[in-house]
Amino acid sequence: MNHAAGPAAAPPPAEIFRPRPARRAPPSTLGVQGWIRQNMFSSVPNALVTVIGIWIVYAFFDALFGWAVGNAVWQAESRRECLDEVGRAGACWPGVIAWIPNLIYGLYPKDQVWRINLAGLVLLLWAAPLWLPRVQSKVQIGLSLVLLFPLFASYLFLGGEKGIVWSALIALGLAAFLWTLLTAVTETVFGLGIARFAVAALGFGGQSDEARRRLAIAVLLAIYVVAVIAVQALSLPFVPTRVWGGLFLTLVISGIGIAFSLPAGIVLALGRRSRMPLISLLSTTFIELFRSVPLITILFMFNTMLPLFLPVGVEVNQLLRAIVAVCLFSAAYMAEVVRGGLQAIPRGQYEAASAMGLGFWQATGLVIMPQALKIMIPTIVGNFIGLFKDTTLVSIVGLFDLLSMSRAVGEDTRWLGLFLEPFFFVTMIYFVVCFGMSQYSLNLEQRLSAGERR
Amino acid sequence: MSEAVAGAPPIELIGLNKWFGAFHVLKDIDLRVQEGERIVVCGPSGSGKSTMIRCINQLESHQEGTIRIHGRSYGRDPRENDAIRREIGMVFQSFNLFPHLTVLENCTFALTWVRHMPKQEAEDLAMSFLTRVRIPEQAAKYPLQLSGGQQQRVAIARALCVRPRIMLFDEPTSSLDPEMINEVLDTMVELAESGMTMVVVTHEMGFARKVADRVIFMDQGEIVEEAPPEAFFGAPRYDRTRLFLSQVL
């Protein structure tokens, strides 16, 4: 800078930049009336649409309310009585009320229905710790729920003779349930799982690691022994699957379908992306085959053709056939959802994991899959909802799910022709379940992404 | 199982050739990096510089030639290859932090899952490296809540946590805002001063001048010129190098 000689060339001292303090955004001065005027009556066509829209909504709900509540009959002995009282202007609810037990439990023996309720209670208690903030063993609890609850529940539902192996498996389910309950309590109160809590409580703190591990295993074994004894004491009469029905059957089929389809879909999606040609070919074939065929066809195939391929004398239960068909069908769909999610994860994520020395399975399980599953939540839950509704198709292979049970009401001699009301009732059940799933997925999405937005 | 050979150079590339389909990306690359040496690789885009350093830790596989890391060469056994690449830390242009984990979890990730280090020990070690890159206060945040420069410093800390003996940088400042480039470069200068063996692909010629022991210029898949920075910037031999320098300086 020497060539620019002379004092006049020296730059003036720099002025100091002080950023202005940020101001609050001006409050909306619109108010309710202003908002309505601006958004609903801003022009003549807009006002017209608003008025007509409100009228349609009003007319619809007025008619619905009049039918379902206003003119409805709540007490009657038969459909004849209803018709005599209000004709077709009001709903005839007594028929639905009388059939509620059947709509929920199918033809399951009345004195055995407690077994279904008990299984439902066990399911709720088993899953509840997943929402408790202080519980750490959520992965183990979740896995045990998906893998072992079906073992325990299937005995509650089916009952009957149990051999040694079957008893051992049922006891394993029960033991896992007991372990979940105990661990949820001890982790919430003391921050330790049941086995380690028992070790500490018994005063083995000073012993060697080896001794403590042995004692912890002994505690787990003790839980299993208790479960075995309990299962031995439990003797339930056999209830064949052909009397299962209603909401119970719908939940069994869709529950198993949901629990199976996600893991199976993940495996298939990874298989399809595999570099090993045989695995990739098999996965792709399976996915494309099951996606290209309607569920009804698959159900028919499994129902009528499977027995032809099996050796004489081997009989596969009809419900089991339907469940397998639903599982395979939904797994194929889920595989494509998962594959889409996997493709959305940038290659760099895998490269970073790989550069750290993680192998394929670690990188996939710890880095790629958690991110992919998170972005897939809306689609996954969408598939679950679809699956739940698709179970209505099992009626064509002679299973009495919730929807077909609702049609049975109108075939009852007392309530002959009563189809609309049970249908309405069942619609509400489907809506509540599906809407609940959808809302939960929104909530889950928001919670999972809360920490990660900018 | 080939063991690390004492005194063998950290990186040796001998007659390396690579094709993407029919496209010949790397042509007869020979390069030998000594212990503690800092190499800066520059060149136009598509010259193969990124591909070359990605071959060093086998993010890309090569078709011909040999790569030796401390005397051990990559082979068919994936576990052996993973063991070799654990010697090497890598920092990417797009950071590639794991967005579903906090900054601290990103740093302890490899320690926990690859080295099986106890949680407390891993966290202490990770914090010491986060302190070294001067962002210990961000440990509990998620990567996307940080600025680009901070994210890249976390990425450097994450790579350092597993105590690699070689660090590779693939255009570490190319996706940063101009004002954040220096905070990352400063971190890299400090790392260089600590004696780490480094191979850096970058267009930051100031960094090359200041830190590099050797500058390598690549074009069309070949190493055109390699020289110490004074010679490289002062008197480049090839016209291609002169043209490139006239564009970037």
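Residues numbered from 1 in each chain as written. Chains lettered and ligands numbered in written order. Predicted model: local features only at pLDDT ≥ 70, side-chain atom pairs only at ≥ 80, totals over all residues. Heavy atoms only, no water.

**Things to note about the sheet that holds strand β6 (residues 88-91) of chain B**
Residue and element names in this part refer to chain B. Ordered in space as β6-β7-β8-β3-β9-β10, the six strands form an open sheet in which the pairing is mixed. At either margin of the open sheet sits one strand with a lone partner, and together these are β6 and β10 (222-227). Direction aside, the axes of adjacent strands within the sheet are offset by 20° on average. Where β6 lies against strand β7 (residues 166-170), four bridges are found, and the strand directions are parallel. Within β7, the residue paired with Ile88 across the bridge is Ile166. Together, β6 and β7 form the strand contacts of helix α5 (residues 148-161), whose direction differs from that of β6 by roughly 170°. (Pairing = 2+ DSSP bridges. Helix = DSSP H or I, 4+ residues; strand = E, 2+ residues; numbered from the N terminus. Axes fitted to C-alpha atoms, helices over the stretch in contact; angles between N-to-C directions. Contact = heavy atoms within 4.5 Å.)

**A closer look at the pattern of salt bridges**
Using the criterion set out here, one finds 20 salt bridges over all chains in the structure. Between Arg291 of chain A and Glu336 of chain A there is a salt bridge, with its nearest N and O atoms 4.0 Å apart. Linking Arg291 of chain A in helix α11 (residues 277-291) with Glu336 of chain A in helix α13 (residues 318-343), this pair joins segments that are 45 residues apart in sequence. What makes Glu336 of chain A buried here is its relative accessible area of 15%. Among the ionic pairs, Arg214 of chain B bridges to Glu37 of chain B, the shortest N-O distance being 2.8 Å. Of the two residues, Arg214 of chain B is situated in strand β9 (residues 214-219) and Glu37 of chain B in the loop between β2 (23-33) and β3 (38-42); the sequence distance between them amounts to 177 residues. Accessibility expressed as a relative area gives 12% for Glu37 of chain B, which makes it buried. One salt-bridge network, held together by shared partners, links Arg272, Glu288, Arg291, Glu336 and Arg339 of chain A. (Salt bridge = Lys/Arg side-chain N within 4 Å of Asp/Glu carboxyl O. Buried < 20%, exposed > 50% of the residue type's maximum accessible area, 1.4 Å probe, protein only.)

**With respect to the state of the cysteines**
Residues and elements named next belong to chain A. A full pass over the atoms with the stated rule returns one disulfide over all chains. The residue that forms a disulfide with Cys82 is Cys92, at a sulfur-sulfur distance of 2.0 Å. Because the sign of the S-S torsion sets the handedness, a value of about 60° for the bond joining Cys82 and Cys92 places this disulfide among the right-handed ones. You can see Cys82 sitting in helix α3 (residues 79-86) and its partner Cys92 sitting in the loop between α3 and α4 (93-105), a full ten residues away along the chain. Each member of the pair, Cys82 as well as Cys92, carries the same accessibility label: buried. For Cys327, which is in no disulfide, the shortest distance to another cysteine sulfur is to Cys434 and amounts to 18 Å. Cys327 sits in the buried class, given a relative accessible area of 8%. (Disulfide = S-S within 2.5 Å.)

**Structural notes on the sheet that holds strand β4 (residues 64-69) of chain B**
Residues and elements named next belong to chain B. As summarised here, the arrangement of the four strands in space is β2-β1-β4-β5, forming an open sheet in which the pairing is antiparallel. Looking at the sheet topology across the chains shown, the edges are occupied by β2 and β5 (72-73). Relative to β5, β4 runs antiparallel, the two sharing two bridges. Considered in β5, the bridge of Arg68 is made with Ser73.

**Let's talk about the interface of chain A and chain B**
The partner chain B presents 24 residues to the 21 residues of chain A that form the contact. Buried area between chain A and chain B, both sides added, is near 2000 Å², and the carbon and sulfur share of it is 58%. Scanning the region where chain A abuts chain B turns up one salt bridge. When the shortest N-O distance is used, the salt bridge between Glu351 of chain A and Arg54 of chain B registers 2.6 Å. Our enumeration of links across chain A and chain B arrives at eight residue pairs in polar contact (both at pLDDT 80 or more). Those elements giving two or more residues to the side of chain A that touches chain B turn out to be α14 (347-355) and α15 (360-390) of chain A. (Buried area = accessible area lost by both parts, 1.4 Å probe. Polar contact = N/O pair within 3.5 Å; in protein donor to acceptor, adjacent residues only side chain to side chain.)

**Quick look at the nonpolar core**
Judged by nonpolar contacts, the single largest core of 132 residues is most densely connected at Leu130 and Met167 of chain B. Take this core: its biggest share by element is twelve residues, from α15 of chain A. Not counting chain neighbours up to four residues away, the residues in contact with Met167 of chain B comprise Gly89, Val91, Ile156, Ala159, Leu160, Leu191, Met196, Thr197, Met198 and Val199 of chain B. By size, the runner-up hydrophobic cluster in this structure holds 56 residues, among which are Phe149, Ala153, Ile170 and Val231 of chain A. (Core = buried A, V, L, I, M, F, W, Y, C linked by side-chain atoms within 4.5 Å.)

**As for the confidence of the model for chain A**
Of all residues in chain A, 96% have pLDDT values of 70 or greater, and the mean over the chain is 88. Confidence, read as mean pLDDT per element, is least for helix α8 (residues 194-201) of chain A in chain A (78) and greatest for α11 of chain A (95). (pLDDT = per-residue confidence, 0-100.)

**Observations concerning a nonpolar patch on the surface**
All names here are of chain A. On the surface, Leu30, Val32, Trp35, Ile36, Phe41 and Val51 cluster together into a nonpolar patch covering about 560 Å² of accessible area. Here the nonpolar patch takes three residues from helix α1 (residues 31-40), the largest share from any one element. Position of Ile36 among the secondary structure elements: in helix α1. (Patch = residues over 30% accessible without salt bridge, like charges linked within 9 Å, V, L, I, M, F, W, Y side chains within 5 Å. Areas by Shrake-Rupley, 256 points an atom, 1.4 Å probe, with all protein chains shown as cover.)

**A short note on unusual backbone geometry**
Peptide bonds are, in most cases, trans, and in most cases residues other than glycine have a negative phi. All names here are of chain B. Although it is not a glycine, His70 sits at a positive phi angle of roughly 50°. Along the polypeptide, His70 turns up in the loop between β4 and β5. On the basis of relative accessible area, His70 is assigned to the buried category, the value being 2%. Positive phi, close to 55°, is recorded for His116, a residue that is not glycine. Within the fold, His116 resides in the loop between α3 (103-113) and α4 (119-132).

**What about helix α6 (residues 138-158) of chain A?**
Residues and elements named next belong to chain A. Between the first and last C-alpha of α6 there are 29 Å, a value that for 21 residues agrees with the 30 Å anticipated at 1.5 Å per step. Of all the residues in α6, the buried ones are Ile141, Gly142, Ser144, Leu145, Leu148, Phe149, Leu151, Phe152, Ala153, Tyr155, Leu156 and Phe157. If you follow the buried residues of α6, they end up packed against α5 (113-127), α7 (164-190) and α10 (246-273). (Expected span 1.5 Å × (residues − 1).)

**Considering the pairing of β3 of chain B**
All names here are of chain B. Taken across its five residues, β3 has four buried, putting it largely inside the fold. Bridge count between β3 and strand β8 (residues 197-201): four bridges; the pairing is parallel. Across the sheet, residue Val41 finds its bridge partner in β8, namely Val201. As judged from the four bridges shared by β3 and β9, these two strands associate in the parallel manner. Bridge assignment links Ile39 to a residue of β9, and that residue is Arg214.

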